[in-house]
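Observations on the three-dimensional arrangement
Listed here are the chains, written in short residue letters.
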Amino acid sequence: MAEEFRDVLDADREEGRRRAVRALLRHPLLTPTHPDFRLVRTHQGWLADWFARETGWTLHADTAVARLRKIPARHGDGTRSAQVKKNVPFSRRRYALACLALAVLERADGQVTLGWLAERMLAIAGDPGLVEAGMVFTLGTREERADLATVAALLINEGVLGKVAGDEAAFVSGSGDALYDVNRKVLAVLLVTRRGPSTVQAGELHERLVAITEDVLPDTDDGRNRLIRHTLTRRLLDDPVLYYRELTEAERAYLERQRGPLLKRLVEGTGFVAEVRAEGIALLDPTREATDLGMPEEGTDGHATLLLADFLAQHLRMYPDVPVEVAAARAEMERLAVRHRGLWRKNASAAELTVGAIHRLDALGLIHVRGESLIPLPALARFGFGEPTITGKKGA
Amino acid sequence: MSHSRTQVFAHLSAPNASLYRRIMAVFLANKRRFVVHLRPEDIAEELHADGGEAVTQAQVDEALKKLDEWDNLRADPDTGRVTTVEDFYRARFLYQLSREGEAAERALELFDRELGRRGELQAVALEDIRVRLHALTGMDGEQDPAVVHNLLLEIMSRLDSLAANASAFMGGLQRTIDLQDVEEEAFLAYKDRLIAYLERFVSELVVKAFDIADMIRRLTHVDDLLRLAAEREAADVAPGEEDRPGEAAAAKLAEWRDRWSGLRSWFVGDRTHPCQAELLRMRTRQAIPDLLATISVLQERRSGRSDRSADFRTLARWFAQSPTEADAHRLWRAAFGLTSARHLTVEAEEDDSVTSTTSWLDAPQAEISVRLRATGHYAKRGAPRKVVDRSAEREELAAFVAAEREQTELARKRLATGRPTPLSAFPELDPVEFRLFLRLLGEALALGPGEVTTRTADGALEIRLRPRDGWAEIRTEEGVLRGPDHELTIIDRVAGAHG
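In short, a report on the structure. Please read all numbers here as calculations on a predicted model, not as lab measurements.

**A short note on the overall build of chain A**
- Looking only at helices and strands, chain A features 15 helices and twelve strands.
- Considering chain A as a whole, with its 396 residues, one finds that 51% of them fall into the buried category.
- Pairs at least 24 apart in sequence give 61% of the contacts found in chain A among residues at least 6 apart.
- For chain A, the exposed surface amounts to about 18500 Å²; the carbon and sulfur share of it is 52%.

The following block contains the structure:
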């Protein structure tokens with residue numbers, strides 16, 4: 001009986017750890033209001049070890065914040081944006097505003113108002129680099145104030161600001177203001193860069209991204225191997241599909257030797273399911289806890305995506321490596337929309353659904369978008385459908 | 001006209017304000033040397049020497065004319081001798097300060113002094129007040145009106161200055177704490193002295209204020225003292241038109257009573273209205289942790305490897321310079337690391353038979369719910385299914401649990417006899433008893449070898465185990481357990497405690 005009991009406890013603890021890993025993969029910054037915060041705190045030591053060993057990401061956790069410094073293995077993916085409302089990604093302008101707000105908050109004391117923030121931001125918005133890039137902030141118009149309110153909403157979501165009183169809507173309409181507490185502990189762990197951006201001289205975006213995220217590892221065989229392992233794990237944990245042909249020769253050679261134990265550790269640590277195929281590896285999430293986008297998914301958009309995937313997969317099977325024009329996808333979507341008129345959201349146009357579905361498939365590593373053509377990638381084939389086979393009791 | 005009185009301040013907001021003020025300064029300086037009239041040439045010469053911006057004679061003339069217009073100066077025709085023809089035809093004036101002009105200058109001087117004041121916490125003033133109050137209380141019998149009056153005047157003037165300075169100081173301190181117009185370096189250098197200063201004042205305040213309050217409470221004949229002072233002052237009042245004797249004294253007395261109540265409220269408070277001294281003490285004490293918090297904010301800012309604020313400004317520029325929106329998202333992901341991981345989801349168990357060399361194109365496809373594929377939803381639309389009533393099952397379950405608990409209880413009673421029993425002498429055990437027996441035996445043996453005493457995790461049973469020679473066999477319905485014989489004692493601690 002005690003034995004059984006201990007087994008149950010062990011299993012419970014391991015499941016808790018897996019859930020904490022997934023929570024951090026989904027939300028790398030957690031504050032005590034998040035339901036999984038306590039779980040992460042409970043397993044803090046184990047999690048810090050696990051992430052450091054497997055990925056080289058550090059985990060910081062104290063009473064105010066839990067932060068996984070998640071650095072991507074590569075910088076090609078432009079589909080993960082900051083969002084406040086679902087499906088409305090931040091614009092460059094809003095990002096720039098958010099950074100200005102953070103620069104001001106860095107110098108602020110315990111409490112600020114949105115109006116105070118705007119005033120201080122104006123003082124530093126005249127930066128020649130910003131003006132040259134065409135960003136002129138006056139914060140006078142309603143639209144600009146709305147941008148600022150969106151930025152405030154992002155900072156509230158991340159826990160940098162805590163609302164005390166007032167209302168952003170009133171600020172936007174110019175009739176009021178909002179008061180916030182500044183959470184300095186969250187502010188202090190917001191940036192994950194390995195090097196301060198202000199110390200980087202590079203002028204080209206890619207160089208800049210590499211410069212701020214580069215790990216410094218000893219130039220030994222062991223160090224190089226560790227770097228390769230971390231790169232691979234980061235991709236497997238953070239990205240939907242890892243295609244072999246995107247890897248360097250050294251990475252491929254390492255993966256060939258170490259794939260078994262590597263995947264075993266990841267699967268044990270996360271509760272994911274590994275799908276290993278000739279073209280690459282996908283870690284599938286049966287809990288749907290560690291992903292912002294899912295496939296398959298319910299609802300009009302999910303359904304439209306699924307059906308378009310079906311169409312593209314058929315194409316992939318028949319004509320491998322031949323791109324599909326966006327126009328063809330849109331035409332298919334129009335046909336689908338007619339068939340599913342009764343089930344789908346009334347106000348969704350075929351063009352809009354096509355754009356949404358393409359974005360989702362691209363974000364999930366199932367297609368490549370190159371201008372006006374779509375290149376289906378191998379993993380898309382897992383979503384093709386034959387006629388359903390009925391199994392189970394006959395005549396039931 | 002009301003505005004003509006204040007138009008002597010007009011030069012402050014005029015375009016040439018600084019020149020006007022310089023000219024007025026020249027007049028004031030000369031007046032101190034009892035020089036009253038000044039010629040424009042003299043003024044120009046003095047302005048030349050005061051270290052300010054160079055001015056021409058024409059500018060000075062113009063400015064003097066303006067100041068005359070605003071009544072700051074008075075111009076009188078200059079009847080002195082001239083030496084050139086041009087001078088003779090030029091309108092010549094001698095200038096002197098007007099009464100309004102002089103008052104305005106004095107007001108400005110006072111204004112500057114008040115604003116420039118940093119304020120101080122006057123621990124010495126406390127001592128002064130205390131000493132004078134002591135003198136007041138010490139006076140018995142015949143009181144000299146002059147002495148009483150002087151003491152009261154001194155007390156009030158010290159209090160006045162203490163209060164004004166304290167509020168100025170606290171205001172300045174608050175600005176320091178908020179780090180407004182204060183250099184960080186200066187602040188850090190200054191902080192230790194500031195904290196020491198605050199501490200000294202707080203300790204003085206605690207001791208002296210108590211003493212002062214005590215004396216104020218003990219002064220019973222205050223009104224007599226105040227009356228003495230008032231009458232003495234009333235004697236000095238210049239005779240007015242509708243004055244009647246006694247009225248001036250009454251007015252003065254009222255004034256003194258006000259002042260006294262002010263003093264009282266400064267040092268003696270009650271439960272609902274804490275006295276000013278108490279408030280000042282609280283505020284001063286609060287200032288110390290506030291200052292420390294400010295210092296920690298400064299330290300926090302310094303501890304970052306690079307200047308965080310500069311980092312964020314650089315990022316703002318990078319975002320602005322991103323070629324496309326997608327590039328901005330890439331930068332967001334790299335710099336802030338707040339984006340979610342992204343994975344395909346899976347519904348059914350994976351088929352393990354597929355080898356890792358199978359292409360996605362050939363492998364079996366993901367099993368996706370037929371309904372999801374057809375309709376976009378997992379659940380059928382429409383009314384929710386009827387909720388099944390499970391109360392019968394629940395009852396059955398409860399009965400089962402109760403029966404099991406009873407059985408365990410019985411087993412415990414049979415095993416926990418409290419007597420040492422060799423294992424070989426145990427009777428045949430039923431499954432429930434045997435499970436309990438095994439658990440107890442396991443716990444005891446885990447501590448061994450040798451003689452051991454232990455308790456179950458819940459503390460209810462105590463187990464003693466002593467090895468014996470030979471072997472023991474225990475029969476159960478499920479089989480026979482064999483092992484080295486032991487003498488086992490099981491004591492029910494719960495029953496023992498109750499019984």
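**Details of the packing of aromatic side chains**
Residue and element names in this part refer to chain B.
- Under the criterion given, the structure shown has twelve aromatic pairs over all chains.
- For the pair Phe93 and Tyr95, a centre-to-centre distance of 6.3 Å together with 50 degrees between the ring planes defines the contact as tilted.
- With a relative accessible area of 32%, Phe93 lands in the partly exposed category.
- Tyr95 sits in the buried class, given a relative accessible area of 6%.

**Quick look at helix α5 (residues 57–69) of chain B**
Residue and element names in this part refer to chain B.
- Over its 13 residues, α5 runs 19 Å from end to end, which matches the ideal 18 Å to within 8%, given 1.5 Å per residue.
- Buried within α5 we find Val60, Ala63, Leu64 and Leu67. Take α5 and look down its axis: the buried residues cluster within an arc of 100 degrees, on one side only. Pointing more than 90 degrees away from the buried face of α5 are the exposed residues Ala58, Lys65 and Glu69.
- Each element contacted by the buried residues of α5 is listed here: α2 (10–13), α3 (17–32), α4 (40–49), β1 (73–77) and β2 (93–97).
- One or two residues past the end of α5 sits Asp71, with phi positive at roughly 75 degrees.

**Some thoughts on the side chain of His343(B)**
- With respect to the helices and strands, the residue His343(B) is situated in the loop between α15 (325–336) and α16 (370–375).
- Its relative accessible area of 0% is what places His343(B) among the buried residues.
- Among the polar contacts made by the side chain of His343(B), one reaches the main-chain carbonyl oxygen of Leu237(A) at a distance of 2.7 Å.
- Here Leu283(A) takes part through its backbone oxygen, which lies 3.1 Å from a polar atom of the side chain of His343(B).
- Excluding its chain neighbours within four sequence positions, the residues that come into contact with His343(B) are Leu236(A), Leu237(A), Asp238(A), Asp239(A), Pro240(A), Phe272(A), Leu283(A), Asp285(A), Ala290(A), Thr291(A), Leu293(A) and Leu364(A).

**Things to note about the sheet that holds strand β4 (residues 111–113) of chain A**
Residue and element names in this part refer to chain A.
- One open sheet accounts for three strands, arranged β4-β6-β5; its pairing is antiparallel. Unpaired on one side and paired on the other, β4 and β5 (161–166) mark the two borders of the sheet. The mean angle between the axes of side-by-side strands here comes to 30 degrees, regardless of whether they run parallel or antiparallel.
- With three bridges connecting them, β4 and strand β6 (residues 178–182) associate as antiparallel partners. The residue bridging Val112 from the neighbouring strand is Tyr180, located in β6.

**Quick notes on the packing of helix α4 (residues 92–106) of chain A against helix α5 (residues 114–124) of chain A**
Residue and element names in this part refer to chain A.
- Where α4 meets α5, the closest approach of the two axes is 9 Å, and the angle between their N-to-C directions is 105 degrees. With respect to their mutual orientation, α4 and α5 come out roughly perpendicular. Together, Leu97, Leu100, Ala101, Ala103, Val104 and Leu105 of α4 and Trp116, Leu117, Arg120, Met121 and Ile124 of α5 make up the contact between the two elements.

**Observations concerning the environment of Thr248(A)**
- One can find Thr248(A) in the loop between β7 (241–243) and α12 (249–270).
- On a C-alpha basis, the gap between Thr248(A) and Ile228(A) in space is 9.6 Å, while along the polypeptide they are 20 residues apart.

**Notes on the sheet that holds strand β12 (residues 373–376) of chain A**
Residues and elements named next belong to chain A.
- The strand order β10-β12-β11 describes an open sheet built from three strands, whose pairing is antiparallel. Among the strands making up the open sheet, the edge pair consists of β10 (324–325) and β11 (367–370).
- Where β10 and β12 come together, two bridges link them in antiparallel fashion. Directly across from Val324, in β12, lies its bridge partner Leu374.
- Contacting β11 and β12, helix α15 (residues 350–363) crosses the sheet at an angle of about 120 degrees to β11.

**Some points on the interface of chain A and chain B**
- Opposite the 111 residues of chain A that make contact, chain B presents 72 residues.
- Across the chain A/chain B interface, buried area totals approximately 8600 Å², and carbon plus sulfur atoms make up 59% of it.
- Looking at the side of chain A facing chain B, the largest losses of area belong to Arg80(A), Arg92(A) and Arg277(A), adding up to 9% of the total buried there.
- Between the two partners, chain A and chain B, sit five salt bridges.
- Across the salt bridge formed by Asp127(A) and Arg317(B), the nearest N and O atoms sit 3.7 Å from each other.
- At the boundary of chain A and chain B, one finds 33 residue pairs in polar contact (both at pLDDT 80 or more).
- Top element by residues in the side of chain A that touches chain B is α4(A). It accounts for eight residues.
- Taken together, the residues of the side of chain A that touches chain B break down into 61 nonpolar, 21 polar and 29 charged.

**Details of the nonpolar core**
- With 60 residues, the main nonpolar core has Leu102(A), Leu105(A), Met121(A), Leu315(B), Phe319(B), Leu331(B) and Phe336(B) as its most contacted residues.
- Secondary structure elements with two or more residues in this core: α4, α5, α7 (142–158), β6, α9 (184–188) and α10 (205–213) of chain A together with α14 (308–321) and α15 of chain B.
- When residues of this core are assigned to their parent elements, the largest contribution, eleven residues, is made by α4(A).
- Formed by 52 residues, the second largest nonpolar core is a distinct cluster that contains Leu136(B), Val148(B), Ala166(B) and Leu263(B).

**Regarding the packing of helix α17 (residues 391–415) of chain B against helix α18 (residues 431–447) of chain B**
All names here are of chain B.
- At a minimum axis distance of 9 Å, the contact between α17 and α18 shows a crossing angle of 65 degrees. The handedness of the crossing between α17 and α18 comes out as right-handed. Between α17 and α18, the residues in contact are Gln407, Thr408, Ala411, Arg412, Arg414 and Leu415 and Val432, Glu433, Leu436 and Phe437, respectively.
- Residue composition of the contact of α17 with α18, grouped by class: five nonpolar, two polar and three charged.

**Points about a nonpolar patch on the surface**
- A cluster of nonpolar side chains, namely Met318(A), Tyr319(A) and Val322(A), defines an oily patch on the protein surface of about 310 Å² accessible area.
- Looking at the secondary structure, you find Tyr319(A) in the loop between α13 (299–318) and β10.

**Concerning the environment of Ile491(B)**
Residue and element names in this part refer to chain B.
- Examined against the element boundaries, Ile491 turns out to sit in strand β6 (residues 479–492).
- On the basis of relative accessibility, which here comes to 18%, the residue Ile491 falls in the buried class.
- With residues up to four places along the chain from it excluded, the contact list for Ile491 reads Ala416, Gly418, Ala460, Leu461, Glu462 and Arg464.

**Regarding the pattern of salt bridges**
- The final tally for this structure, using the stated rule, is 55 salt bridges over all chains.
- One salt bridge connects Glu332(A) with Arg335(A), and the closest N-O pair in it is separated by 2.8 Å. With a gap of three residues between them, Glu332(A) and Arg335(A) both fall in helix α14 (residues 326–339), about one helical turn apart.
- Bridged by salt links that share partners, the residues Lys70(A), Arg74(A), Asp77(A), Arg80(A), Arg235(A), Asp238(A), Asp239(A), Glu246(A) and Arg333(B) form one connected network.

**Considerations on α4(A)**
- An ideal rise of 1.5 Å per residue puts 21 Å on 15 residues; α4(A) measures up with 21 Å between its terminal C-alpha atoms.
- Within α4(A), 13 of the 15 residues are buried, leaving the element largely enclosed by the surrounding structure.

Rules used in this analysis
Residues numbered from 1 in each chain as written. Chains lettered and ligands numbered in written order. Predicted model: local features only at pLDDT ≥ 70, side-chain atom pairs only at ≥ 80, totals over all residues. Heavy atoms only, no water. Helix = DSSP H or I, 4+ residues; strand = E, 2+ residues; numbered from the N terminus. Buried < 20%, exposed > 50% of the residue type's maximum accessible area, 1.4 Å probe, protein only. Contact = heavy atoms within 4.5 Å. Areas by Shrake-Rupley, 256 points an atom, 1.4 Å probe, with all protein chains shown as cover. Phe/Tyr/Trp six-rings, centres within 6.5 Å; stacked < 30°, edge-to-face > 60°. Expected span 1.5 Å × (residues − 1). Arc of directions from axis to C-beta. Polar contact = N/O pair within 3.5 Å; in protein donor to acceptor, adjacent residues only side chain to side chain. Pairing = 2+ DSSP bridges. Axes fitted to C-alpha atoms, helices over the stretch in contact; angles between N-to-C directions. Parallel < 35°, antiparallel > 145°, perpendicular 65-115°, else oblique. Buried area = accessible area lost by both parts, 1.4 Å probe. Salt bridge = Lys/Arg side-chain N within 4 Å of Asp/Glu carboxyl O. Nonpolar A, V, L, I, M, F, W, Y, C, P; charged D, E, K, R; others polar. Core = buried A, V, L, I, M, F, W, Y, C linked by side-chain atoms within 4.5 Å. Left-handed = near helix turned anticlockwise from the far one by under 90°. Patch = residues over 30% accessible without salt bridge, like charges linked within 9 Å, V, L, I, M, F, W, Y side chains within 5 Å.

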